[in-house]
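Structure at a glance
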Amino acid sequence: MADFDWQRRRLITQLERQGIVRSPAVRDALMRVPRHLFVPDEVRQNAYEDCPLPVGLGQTISAPHMVALMTESLDVKPGQNVLEVGCGSGYQAAVLSVLLNGEGSLVTVERIPELADLARKRLADLGYGNVKVVVGDGSLGWPSDAPFDRVLVTAGAPGVPVALVSQLKVGGMLLVPVGGRGFQELFLVEKSGAGVSRRSLGGVVFVPLVGEDGW
Ligand code: SAH
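Bear in mind the structure is a predicted one, so any value in this text is a computation, not a measurement.

A look at the packing of aromatic side chains
- Tallied over the full model, the rule gives 2 aromatic pairs.
- Here F38 and Y91 contribute two aromatic rings whose centre-to-centre distance is 5.7 Å and whose plane-to-plane angle is 75 degrees, an arrangement assigned as edge-to-face. Of this pair, F38 sits in the loop between α2 (24-32) and β1 (53-56) while Y91 sits in helix α4 (residues 91-100); the two residues are 53 residues apart in sequence, bridging distant segments of the chain. Just as F38 is buried, Y91 falls in that class too.
- A cation over a ring is seen here: R35 above Y91, with NZ or CZ 5.9 Å from the ring centre.
- One Lys or Arg, R198, reaches over the ring of F187 and ends 4.5 Å from the middle of that ring.

Okay, here's the thing in structure tokens:
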């Protein structure tokens, strides 16, 4: 029986040394969420290696350094209204839910019903009760719960989806990988009273965002 707690601590310490994990809140959230319970049995032994893993139906759970980078950049605080597009395994949603600390709300949209069902059950079983998993095309956002303080897209889009920007509050932030099907740039989009700005956080590789304002 592998010592997953020890492996998790070792991975997070490595991410801290690399300067990817910086804040105590993100460190604590990554320490608390058991990544090995979000991946299929066949790859459980690899859960604390810093690489993406298959979660079925051609989709992947992002590598830990990518989850750490996005979570640090998004700066989620208790009380915020957060949208994730691309629930996948539900792991990133669990990390965000720890950061919300029971205050605020988190909606995560998944296009593939089987993945959404699995993630919903897993999140409930593990006690992440404040996460709402919904099935739909997240390239159009989730209007019924908008506006959002934070939006995180964990699939690669051909451009910044317009609905996601319009569903963002003034003062809000959107993280979205934008580019080709095989390679993207991670953009941090910020909405202020003066308008919308964006900057690149570097090159990334995500599965495609499939939908009306995606591929
Ligand atoms: N955040 C996930 C990893 C996401 S992989 C995790 O922590 O495990 C990207 C996911 O986005 C896949 O599950 C894919 O099915 C989903 N996806 C792709 N296009 C989508 C869309 N338009 N709306 C919602 N989900 C989408």
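Re the layout of surface pockets
- Size it by volume and the largest pocket reaches roughly 590 Å³.
- Taken together, 38 residues form the lining of the largest pocket, with T60, T154, A155, F206 and V207 sitting closest to its centre.
- Top contributing element to the lining of the largest pocket by residue count: helix α3 (residues 64-74), with 4 residues.
- Here the residues of the lining of the largest pocket sort into 21 nonpolar, 13 polar and 4 charged.

Points about the site of the ligand
- Near the ligand you find 26 residues, and of these S89, E110, D137, G138 and V210 are the closest.
- Residue V210 places a main-chain N or O atom 2.7 Å away from a nitrogen atom belonging to the ligand.
- Taking 580 Å² as the accessible area of the ligand by itself, protein coverage stands at 99%.
- For the shell around the ligand, the secondary structure elements donating two or more residues are β2 (59-61), α4 and β4 (105-110).

Considering the sheet that holds strand β9 (residues 195-204)
- An order of β5-β4-β3-β6-β7-β8-β9 is seen for the 7 strands of this open sheet, with the pairing classed as mixed. Each edge of the open sheet is held by one strand with a lone partner, namely β5 (131-135) and β9. Averaged over all pairs of adjacent strands, the angle between their axes in this sheet comes to 15 degrees, without regard to strand direction.
- One ladder, built from 8 bridges, connects strand β8 (residues 184-192) with β9; its direction is antiparallel. Counterpart to F187 in the pairing with β9 is S200.
- Sheet strands in contact with α3 are β6 (148-153), β7 (168-179), β8 and β9, and its direction is about 155 degrees off that of β7.
- This element, α4, spans β3 (81-85), β4, β5 and β6 of the sheet and lies at about 170 degrees to β4.

Each value, and the rule that gives it
Residues numbered from 1 in each chain as written. Predicted model: local features only at pLDDT ≥ 70, side-chain atom pairs only at ≥ 80, totals over all residues. Heavy atoms only, no water. Phe/Tyr/Trp six-rings, centres within 6.5 Å; stacked < 30°, edge-to-face > 60°. Helix = DSSP H or I, 4+ residues; strand = E, 2+ residues; numbered from the N terminus. Buried < 20%, exposed > 50% of the residue type's maximum accessible area, 1.4 Å probe, protein only. Lys NZ or Arg CZ within 6 Å of the ring centre and 35° of its normal. 1 Å grid on protein atoms, 1.4 Å probe; cavity = no way out; pocket = protein on both sides within 12 Å on 5 of 7 lines; lining within 4 Å. Points joined across faces, edges and corners; volume = space filled by probe spheres on them. Nonpolar A, V, L, I, M, F, W, Y, C, P; charged D, E, K, R; others polar. Near = heavy atom within 4 Å. Polar contact = N/O pair within 3.5 Å; in protein donor to acceptor, adjacent residues only side chain to side chain. Areas by Shrake-Rupley, 256 points an atom, 1.4 Å probe, with all protein chains shown as cover. Pairing = 2+ DSSP bridges. Axes fitted to C-alpha atoms, helices over the stretch in contact; angles between N-to-C directions. Contact = heavy atoms within 4.5 Å.

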